[in-house]
Amino acid sequence: VNDNAMVDITDECVFTDNGAHLEVAAKATASRNSLFQQSRNGVAIAVVEGGELTLDDCTVSGEATCAVSNAGKATIRSSKIMDCGVCGLFWTGEHASGDITNNEILRNGPCGIEIMGGSCNVSDNEIKSHSAFGIHVDKSAELTENGNDFEKNTVANVNRAEEAAK
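Conventions used here
- Residues numbered from 1 in each chain as written.
- Predicted model: local features only at pLDDT ≥ 70, side-chain atom pairs only at ≥ 80, totals over all residues.
- Heavy atoms only, no water.
- Core = buried A, V, L, I, M, F, W, Y, C linked by side-chain atoms within 4.5 Å.
- Buried < 20%, exposed > 50% of the residue type's maximum accessible area, 1.4 Å probe, protein only.
- Helix = DSSP H or I, 4+ residues; strand = E, 2+ residues; numbered from the N terminus.
- Contact = heavy atoms within 4.5 Å.
- Pairing = 2+ DSSP bridges.
- Axes fitted to C-alpha atoms, helices over the stretch in contact; angles between N-to-C directions.

Here the focus is the nonpolar core. Counting residues in hydrophobic clusters, the biggest one holds 33 residues, and the most contacted among them are Ile45, Leu55, Leu89 and Ile115. The leading source of residues in this core is strand 6 (residues 43-47), at 3 residues. Residues contacting Leu55, with those up to four places away along its chain left out, are Ala30, Phe36, Ile45, Val60, Val68, Thr75, Ile76, Arg77, Ser79 and Ile81.

Further remarks concern the sheet that holds strand 11 (residues 80-82). Spatially, 2-5-8-11-14-17-20 is the arrangement adopted by the 7 strands of the open sheet, whose pairing is parallel. Unpaired on one side and paired on the other, strand 2 (14-16) and strand 20 (149-151) mark the two borders of the sheet. When the angles between neighbouring strand axes are averaged without regard to direction, this sheet yields 5 degrees. In the sheet, strand 14 (residues 104-106) pairs with strand 17 (residues 126-128) via 3 bridges, with the strands oriented parallel. Looking across to strand 17, one finds that Glu104 is bridged to Glu126.

Turning our attention to the environment of Asp57. By secondary structure assignment, the location of Asp57 is in the loop between strand 7 (52-56) and strand 8 (59-61). For Asp57, a relative accessible area of 37% gives the class partly exposed. Spatially, the C-alpha atoms of Asp57 and Ser34 are 7.4 Å apart, while their sequence positions differ by 23 residues. In contact with Asp57, not counting residues within four places along its chain, are Ser31, Arg32, Asn33, Ser34, Arg77, Ser78 and Ser79.

Listed below in structure tokens is the structure:
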């Protein structure tokens, strides 16, 4: 989705076995029980700088790398993010921003949410069963976190790189 276009994906759409299921350079909304799984490049949805994504009431699963890679603005709510190889949700770049609210984030390799740049509000999610961290935050990133239910994240529920460096 690019060149100031806008796309709405609704009503139980299923995406499987594509390169990337969705690349967002403008504005996209996916909602109402759409399913994204097993893309060929390992990232279901890529949001580039300047792009905006709203993911609402969807399931993203079985990705080799991550469900969503965000370098723009992403709102992810009431969705299931599970069984991805490296992390569930990945924020990268100084302009990455958004909200992750009321989701189930389960069994995504080492990290449920990895915030390597920008800022993110994470609230009221279930973040469970990751082999390292529920949330990892790089020292150059900002996290506002509250009301999350953490369980079985092996190393720590929230790991802030600046605290680990001390």
